[in-house]
Amino acid sequence: MSAINPVTSKALFESDAFAQQYSYDGPLGPDYTPQGTYLRLWAPTALRVSVNLYRRGDGGFCIGTLPMERREKGAWTIYLPGDKHGLYYTFTVQTEDGARETGDPYARAAGVNGIRSMIVDLRRTDPPDWAEDCRPDLPPSRRAIWEVSVRDFSQDPASGVPRRFQGKYLAFTLGTTTLDGRGACPTGLNHLRWLGVSHVQLMPVFDFGSVDEAKPLRRQYNWGYDPTNYNLPEGSYSTDPFHGEVRVREFKQMVQAIHQAGMGVVMDVVYNHTYRYENVLNGTVPYYFFRQNEDGSFSNGSGCGNEFASERPMARRFLIDSVLYWAREYHIDGFRFDLMGLYDVDTMNLLRAELDKLPGGEEILMYGEPWQGGQSQLHRYEANKNNLSMLSERIGVFCDDTRDAIKGGCFDARTPGYVQGKPGGFWDIGAAVAAWCRSDRLSPRAPSQIISYVSAHDNFTLWDKLMLVRYKKPDFMTNDTIALAQNRLAAGIYLTCMGTPFMQAGEEFARTKKGQGNSYRSPASLNQLDWKRASQYRGLVDYYRGLLALRAAFPRLGSGNREDADAIRFFSLEPPLVGWQLDAAEGDGACWSSLLVFYNPTENYKSVSLPEGEWRLLSDGISSSLWRGELVTRNGRVSLLPYSATILGRWN
Ligand code: CA
């Protein structure tokens, strides 16, 4: 066979004959035992493959090069007798294209910058009691996701995190940090426990390429949406990126600590493209793992130079193997797929079915961005928002319709949404509340497919967006009381929407990036969470906290089932007010037999009439914890504060 010509390689790799001849389902990657280690690589177009051995993750000499044996279906293997833990290696893959030295796509550990793979005894990387670590039980009613970059979480010197752990995995292992270490205002994991979110979503934590792990990090910053090794953690977040086992152990310590705090860990995974053309996948089977244009060149549906060919059988297998590996080895509780619209529906459903087979696997979250980053060569059904009806009910999507309806579109900074009084904006709010199950714009199978949110790492923070709509030249550091009320209203809406709520870290304390809409490589100082602000905006943090707990106290709101969305009754109110009622489901343990919710996006007080019965005020536009104290009864009518969400509950 010839794989030199990109055009013929495209035809070859897309042919049924190739799929039949080379779809390999045996083991791949390093297989360590104390007696010896197998290395296995899938490289069907290779003429020769050898392994190069090194004592160190970088520098030093190659201590031996050994030929590998060709086995069935394009697999190559070698057995290295003896305890090889700590040995570094690369492959030299000779194709008709020439020879390439490459890391192992299935590497479990690697040296600095992920260039040399490492054989690792994974049991030696387990922290104490790791075998007892398990995923916390987090039913749909309690789910709320909080998204953060490892770096942003603790880079702020005021975070109370010791300097050596700032910006590192290990910052998550400190459960009692406070602002400046003074014992008053919780920060880090301590803050999260107080807030009451269920899942921490980590922005890329697989090994990425845009930060040089060998150089000081002070002047470097990147979100990391640029994978180099899919099956091992990023080194710059570890305390020692030069020794491959350290990042593995510290990552596990982080997961264990988050689990012990009662929360799950979601990984942001970016299989849709790789950082460079020279990468471990292209190095082993040139062109196979990436979609190609008709002329054989790489297509660019990711907007980052290439796109992963999830529909090709061994690429699909690679993606599924990798997700299952993180779930098993690192006890990950959920996966968030970057540019999920670049994967085919079949791959995602197959992955869902494979995760479901793991112990407790049905509870592992799967959701993603239902769009692409450019013109794609995926000629299958895409895992995007038009094809929700083809995706599993337990594969969710970020709902940009909900996001934009509440706070305005994210491409034009000045576009208002419902909370800023956009005329006619109320139409979409009801649809968002019912997770679009009752709208013709989207056709989710159930609320479980909808992620309700108003801010994520991309685009303006919620605070910046509110300020940019209000002022031509905003001072983002001003404590603007109207923007603050609009912020509470935005939270009051999406935290009472069906579907899974999601927030960008720091949204709950008016996080600002000073109007920067894309900070992926802005300085750490702009990106990092400003923990002083968490103290300054304590009232807003409490508002989120109260709403999250209130939501959990009324489980039907978090239900993933379609009939629960159908049970919402909307009132006919004077626009732009929106009001609705939802009765508790039989025996679901709700604190109230019925919930009543009103949104008022105007600058005026509004009075609305209440349905029959005795209602108690649970939350208004200022306090979301009224339900925890002495309850105020309302009969007949209730007054809605300007820019407010008002929630009432019926006792019986
Ligand atoms: Ca890296």
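These numbers were taken from a predicted model, which means no experiment stands behind them.

1. Some details on the sheet that holds strand E5 (residues 69-70)
Strand order in the open sheet formed by four strands is E1-E2-E6-E5, with antiparallel pairing between adjacent strands. At either end of the open sheet lies a strand with only one pairing partner, and these are strand E1 (31-33) and E5. By the bridge criterion, three bridges tie E1 to strand E2 (residues 36-42) in an arrangement that is antiparallel. Considered in E2, the bridge of Asp31 is made with Tyr38.

2. A look at the coordination of the calcium ion
Of the protein atoms, only Asp207 (OD), Phe208 (O), Glu213 (OE) and Glu234 (OE) coordinate the calcium ion, at distances of 2.2 to 2.3 Å. Look at where the donors of the calcium ion fall in the sequence and you get D-F-x4-E-x20-E. Here the two residues Asp207 and Phe208 agree in accessibility, since each one is buried.

3. Concerning the sheet that holds strand E25 (residues 632-634)
Strand pairs in the sheet, formed through backbone hydrogen bonds, run parallel or antiparallel to each other. Spatially, six strands are ordered E20-E21-E22-E27-E24-E25 in an open sheet, and the strand pairing comes out antiparallel. Taken across any chain shown, the strands that pair with only one partner, and hence form the sheet edges, are strand E20 (569-570) and E25. Helix-sheet contacts for helix H12 (residues 481-494) involve strand E22 (594-600) and strand E27 (644-650), and the interaxial angle to E22 is about 145°. Strands in contact with helix H15 (residues 538-552) are strand E24 (615-619) and E27; relative to E24, the strand with the most contacts, it is inclined by about 130°.

4. Re the side chain of Lys252
Within the secondary structure, Lys252 sits in helix H5 (residues 244-260). Separated by 3.5 Å, the side chain of Lys252 and the backbone oxygen of Leu122 make a polar contact. Polar side-chain contacts of Lys252 include one of 2.6 Å to the side chain of Glu329. Residue contacts for Lys252: discarding those within four places in its chain leaves Leu122, Arg123, Thr125, Asp126, Pro127, Trp130, Glu329 and Tyr330.

5. A short note on helix H11 (residues 462-470)
When you tally the buried positions in H11, you get seven out of nine residues, the bulk of the element. Where H11 is buried, its residues contact helix H9 (400-407), H12, helix H14 (531-536) and H15.

6. With respect to the pattern of salt bridges
Counting across every chain of the model gives 38 salt bridges. Put simply, Lys10 and Glu14 hold a salt bridge, and the shortest N to O gap is 3.1 Å. Judged by relative accessible area, which is 8%, Lys10 ranks as buried. In this structure, the salt-bridge partner of Lys215 is Asp212, at a minimum N-O distance of 3.7 Å.

7. A short note on the domain arrangement of the protein
Domain parsing of the protein yields domain 1 (6-125) and domain 2 (568-650). Each of domain 1 and domain 2 was reduced to a C-alpha centroid, and the two centroids are 61 Å apart.

8. With respect to the nonpolar core
Formed by 161 residues in total, the largest nonpolar core has its most connected members in Trp42, Trp146, Phe289, Phe335, Phe337, Leu355 and Tyr599. Counting the residues that make up this core, at least three belong to each of domain 1 (6-125) and domain 2 (568-650). Residues in contact with Phe337, not counting those within four places in the same chain, are Val269, Tyr271, Val323, Tyr343, Met348, Leu351, Met366, Tyr367, Gly368 and Glu369. Core analysis: the next-biggest nonpolar cluster, separate from the first, contains 17 residues, Tyr32, Met68, Leu87 and Phe91 among them.

9. Considerations on the packing of aromatic side chains
Inspection of the entire model under this criterion finds 42 aromatic pairs. Arranged with centres 5.7 Å apart and planes meeting at 85°, the rings of Trp592 and Trp627 form a pair that is edge-to-face. Taken together, the residues span a long stretch of sequence, with Trp592 in the loop between strand E21 (578-583) and E22 and Trp627 in the loop between E24 and E25 at a distance of 35 residues. Judged by its relative accessible area of 3%, Trp592 is buried. For Trp627, a relative accessible area of 16% puts it in the buried group. Connected via pairs of aromatic rings, a cluster forms that spans Phe13, Phe18, Tyr22, Trp42, Tyr106, Phe206, Tyr230, Tyr271, Tyr288, Phe289, Phe308 and Phe318. The side chain of Arg108 reaches across the aromatic face of Tyr325, ending 3.8 Å from its centre. The residue whose ring lies beneath Lys252 is Tyr330, and the NZ or CZ to ring-centre distance is 5.8 Å.

10. Considerations on the pairing of strand E13 (residues 227-233)
Counting buried positions over the seven residues of E13 gives seven, a clear majority of the element. For strand E12 (residues 206-208) and E13, the ladder comprises three bridges, and the chain directions are antiparallel. What sits directly across from Asp207, in E13, is Asn229.

11. Focus: the UniProt feature "domain: Glycosyl hydrolase family 13 catalytic" (unreviewed entry) in the protein
Mapped onto the present numbering, the UniProt feature "domain: Glycosyl hydrolase family 13 catalytic" (unreviewed entry) falls on residues 159-551. Helix makes up 31% of residues 159-551 and strand 10%, whereas the separation of the span's terminal C-alpha atoms amounts to 29 Å.

12. Observations regarding the packing of H11 against H12
Two numbers describe how H11 lies on H12: the axes approach to 10 Å, and their chain directions differ by 130°. Compared by their axis directions, H11 and H12 come out oblique. Two packed elements cross with a definite hand, and for H11 against H12 that hand is right-handed. Contacts from Leu462, Trp463, Leu466, Met467 and Arg470 in H11 reach Ile482, Ala483, Leu484, Gln486, Asn487 and Ala490 in H12.

13. Overview of the pairing of strand E7 (residues 88-95)
Burial analysis of E7 places six of its eight residues in the buried class, the great majority of the element. Two elements, strand E3 (residues 48-54) and E7, share seven bridges in a ladder whose sense is antiparallel. Opposite Ser50, over in E7, you have Thr92 as the bridge partner. Relative to strand E8 (residues 98-102), E7 runs antiparallel, the two being bridged by five bridges. Counterpart to Gln94 in the pairing with E8 is Ala99. Connecting the antiparallel pair E7 and E8 is a turn made up of two residues.

14. As for the environment of Gly160
By the secondary structure assignment, Gly160 is in the loop between helix H3 (150-154) and helix H4 (188-195). Judged by relative accessible area, which is 28%, Gly160 ranks as partly exposed. Taking the C-alpha atoms as reference, Gly160 lies 9.1 Å from Trp531; in sequence the two are 371 residues apart. Apart from residues lying up to four places away in sequence, Gly160 is in contact with Thr177, Thr178, Asp180 and Gly181.

Cut-offs used in this document
- Within each chain, residue numbers correspond to sequence positions counted from 1 in written order.
- In view of the model being predicted, local features appear only for residues whose pLDDT reaches at least 70, and side-chain atom pairs are presented and counted only at 80 or more, with totals across whole chains, interfaces and linings using the full set of residues.
- In computing side-chain values, all of the structure's heavy atoms are included and hydrogens and water are not.
- Whether two strands pair comes down to DSSP finding at least two bridges between them.
- Where helices and strands are cited, they refer to DSSP runs of H or I of at least four residues and of E of at least two residues respectively, numbered from the N terminus.
- Distances define the donors: N, O and S atoms within 2.8 Å of the metal qualify, as do those within 3.2 Å of Na, K or Ca. Water is excluded, so some sites may look unfinished.
- Think of it in three bands: residues with accessible area under 20% of the maximum for their type are buried, residues over 50% are exposed, and the middle band is partly exposed, with areas taken using a 1.4 Å probe on protein chains only.
- Only heavy atoms matter for contacts: two residues are in contact if any of them lie within 4.5 Å across the pair.
- Note on definitions: angles span 0 to 180 degrees between N-to-C directions of axes, and those axes are lines fitted to C-alpha atoms, for helices only across the stretch in contact.
- A 3.5 Å cut-off defines polar contacts: any pair of N or O atoms within that distance qualifies, except that in protein one atom must be a possible hydrogen donor and the other a possible acceptor, and neighbouring residues in sequence count only when both atoms are side-chain atoms.
- When a carboxyl oxygen of Asp or Glu is within 4 Å of a side-chain nitrogen of Lys or Arg, the pair counts as a salt bridge.
- These domain boundaries are the output of an automatic or database domain assignment.
- Throughout this description, the term nonpolar core refers to a set of buried Ala, Val, Leu, Ile, Met, Phe, Trp, Tyr and Cys residues connected via side-chain atoms within 4.5 Å.
- Aromatic contacts are taken between Phe, Tyr and Trp rings whose centres are within 6.5 Å, Trp giving its six-membered ring; a plane angle under 30 degrees counts as stacked, one over 60 as edge-to-face, and the others as tilted.
- Only when the NZ atom of a Lys or the CZ atom of an Arg is both within 6 Å of the ring centre and within 35 degrees of the ring normal do we say a charge sits over the ring.
- UniProt positions are given in the numbering used here, feature names are shortened, and annotations may be inferred rather than shown by experiment.
- Should an angle fall under 35 degrees it is called roughly parallel, over 145 degrees roughly antiparallel, and 65 to 115 degrees roughly perpendicular, with every other angle called oblique.
- If you view the pair so one helix is near and one far, a crossing is left-handed when the near helix is turned anticlockwise from the far one by less than a right angle, and right-handed when it is turned clockwise.

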